[in-house]
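# Secondary and tertiary structure notes
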Amino acid sequence: MQILKEYRGVLVTAVVALAVGVASYAVVSRDPYAASTNQLFNFDVSRLYEIDPHLIRFAQTTEINVDLEEVRSISVGPADKVYVAGDQAVHVFSADGRALTVIETEGRPSCLAIGTDRHFAPGQIYVGAGNRIEVFTSDGNPVAIWNLPDANTILASIAVTPRDIFVADAGNRVVLRYDQTGQLVGKIGDPTLNGRTFNVPSSYFDVAVSTTGLLHVTNPGALRIETYNMDGEMELRWGQAGPSISDFFGCCNPSHFAVLPNGGFVTSEKGVPRVKIYSEFGEFEGVVAGPQLLGVAESELGDPRALQAKAVFDVATDSQGRILVLDPRQRVVRVFCRMEPHETEDQGIAFELQPASRN
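These figures come from a predicted structure and were not determined experimentally. All residue numbers refer to position in the chain's written sequence, counted from 1. Per-residue local features are limited, in this predicted model, to residues with pLDDT of at least 70; the limit for side-chain atom pairs, both in listing and counting, is 80 or more; totals at the level of whole chains, interfaces and linings are taken over all residues. The side-chain numbers reported here are obtained from all heavy atoms of the structure, hydrogens and water having been left aside.

When DSSP locates at least two bridges between a pair of strands, those strands are taken to pair. Each helix is a run of DSSP H or I of at least 4 residues and each strand a run of E of at least 2, with the numbering of both proceeding from the N terminus. Both strand β4 (residues 89-93) and strand β5 (residues 99-104) contribute to a ladder of five bridges, which runs antiparallel. The residue of β5 that forms the bridge with Val92 is Thr101.

This is the structure we're talking about:
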């Protein structure tokens, strides 16, 4: 019985992943077997397409156009400047969306992070590219290159504290801890060190640091987010597999997440793209955007071809509580603001964007 409890989450994930795989195979191959398979599993991804309007807590207010062929990652720095990485560059925008500068990189960026006001070098830019990290000053001048010699390295995400830099390596399923000089000072997820491991079936493996000094890490194959202290000890974990709007769906989610100013989370899922918000303890609070608003057609859900593979939306937040969603297909940053509740004539509760929240 103890073994069953320990692996129950893994079994649920495996069943859901199997169902998605069968449905996807049927769509792509158009095999006559698809009809009987769908009846066998009685699985309809389309029911996840529509989002109950009463659950939507944010509204899109504007977009920032990004002049890149391929956008890969988004981050926010001091003064709420917006940084978008892609191609071989980082584009920087003001909080109101004005283009400020372009920083050229040597490699093709896969992730980036910006030092906050509490960082030892506020505004310092860290760009993951290939198997190295390129470091720039807040003005965009090169500072250093940190090489990661492991050939299996896949740099998926970077998060910074006032003194340390945490790097998620999806290839080796480990979170690396560096000091400000680029020296490796610790690891989380190395079974030879602390016995903990991460289940990372794809290249999506996100990390973020809260203002309280805690490190948050996705464990995507387990469909949850885990919280660690700076010594690598787990303090909290939340999230579960399932088709409910409050659950994480598919084989490996959330693909991206960010921490809100109030300590809550904004998460982004792939497969069935959904951006949602949770409390600091992982309690579901509402929806930012579903696949329809994000421009993903119902017919694309569960389709593993290139078009759907690009429908993975990175997310960031700023000091105003706005949520920034990086749209890789339209090559824009979608800016969402929170809607405030108010009573309607029939004494019900509705949500609408207040004038003070608009850009």
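From this point on, the discussion continues.
Now for the nonpolar core. Take the buried residues of types Ala, Val, Leu, Ile, Met, Phe, Trp, Tyr and Cys, join any two whose side-chain atoms come within 4.5 Å, and each joined set is a nonpolar core. Exposure categories follow from relative accessible area, calculated using a 1.4 Å probe and restricted to protein chains: below 20% of the type maximum is buried, above 50% is exposed, and the middle band is partly exposed. Counting residues in each nonpolar core, the largest one holds 22 residues, and the members touching the most others are Val266, Val275, Ile277, Val288, Ile323, Val325 and Phe336. Taken together, the elements giving at least two residues each to this core come down to β20 (274-278), β21 (284-289) and β23 (323-327). Counting 15 residues, the second largest nonpolar core, distinct from the first, contains Ile133, Val135, Leu148 and Ile158.

This next bit is on the confidence of the model for the chain. pLDDT measures the predictor's confidence residue by residue and takes values from 0 up to 100. On average, residues of the chain carry a pLDDT of 85, and 80% of them reach 70 or more. Confidence over residues 355-359 falls short of pLDDT 50; this stretch has eight contacts with residues more than four positions distant or in other chains. The contact criterion used throughout is that any non-hydrogen atoms of two residues lie within 4.5 Å.

Moving on to unusual backbone geometry. In the segment running from Asn253 into Pro254, the intervening peptide bond is cis, with an omega of -5°. Relative to the elements of secondary structure, Pro254 occurs in the loop between β17 (234-238) and β18 (256-259). Although it is not a glycine, Ala79 sits at a positive phi angle of roughly 65°. Note on placement: Ala79 falls in the loop between β2 (71-76) and β3 (82-86).

In this section: the packing of aromatic side chains. Two rings from Phe, Tyr or Trp (for Trp, the six-membered ring) form a pair when their centres sit within 6.5 Å of each other. Planes less than 30 degrees apart are called stacked, planes more than 60 degrees apart edge-to-face, and all others tilted. For the structure shown, the criterion picks out ten aromatic pairs. Taken together, a centroid distance of 6.1 Å and an interplanar angle of 70° make the contact between Phe198 and Tyr228 edge-to-face. Note that Phe198 is positioned in the loop between β13 (184-188) and β14 (207-209) and Tyr228 in strand β16 (residues 224-228), a separation of 30 residues in sequence. You'll find Phe198 and Tyr228 in the same group, each marked buried. One aromatic cluster in this structure is built from Trp238, Phe248, Phe257, Phe265, Tyr278 and Phe284.

Looking at where Thr181 falls in the secondary structure, it is placed in the loop between β12 (174-178) and β13. Assessed through its relative accessible area of 53%, Thr181 is described here as exposed. Considering only alpha carbons, one finds Thr181 and Ala144, 37 residues apart in sequence, at a separation of 8.9 Å. We call two N or O atoms a polar contact when they sit within 3.5 Å, provided that within protein one can donate a hydrogen and the other can accept it, with sequence-adjacent residues counted only if both atoms are side-chain atoms. Of the polar contacts made by the side chain of Thr181, one reaches the side chain of Asp179; its length is 2.7 Å.

Okay, the sheet that holds strand β7 (residues 125-129) next. Read from one edge of the open sheet, four strands run β6-β7-β8-β9, paired in antiparallel fashion. Strands at the two margins of the open sheet, each flanked by one partner only, are β6 (109-114) and β9 (142-147). In this sheet, neighbouring strand axes are inclined to one another by 20° on average, regardless of whether the strands run parallel or antiparallel. Across five bridges, the pairing between β7 and strand β8 (residues 132-136) is antiparallel. What sits directly across from Ala129, in β8, is Arg132. Fitted lines through C-alpha atoms give the axes, limited to the stretch in contact for helices. The angle between two N-to-C directions lies from 0 to 180 degrees.

Pairing is antiparallel across the open sheet formed by four strands, whose spatial order is β18-β19-β20-β21. Since the sheet does not close on itself, it has two edges, and those belong to β18 and β21, each with one partner. Adjacent strand axes in the sheet meet at a mean angle of 20°, parallel and antiparallel pairs treated alike. As judged from the four bridges shared by β18 and strand β19 (residues 265-269), these two strands associate in the antiparallel manner. Note that in β19 the partner of His256 across the bridge is Ser268.

Proximity of charged atoms lets side chains of opposite charge pair with each other. For this analysis, a salt bridge means a side-chain nitrogen from Lys or Arg found within 4 Å of a carboxyl oxygen belonging to Asp or Glu. This structure, assessed with the given rule, holds 13 salt bridges. Salt-bridge contacts for Glu269 lead to Lys276; the nearest nitrogen and oxygen are separated by 2.8 Å. Among the salt bridges present, the one from Asp327 reaches Arg334, with a minimum N-O distance of 3.0 Å. You'll find Asp327 and Arg334 in the same group, each marked buried.

Attention now moves to the pairing of β18. The side-chain alternation of β18 yields two buried faces, one formed by His256 and Ala258 and the other by Phe257 and Val259. Linking β18 back to β19 in an antiparallel pair, the connection comprises five residues, with Gly263 at a positive phi of about 95°.

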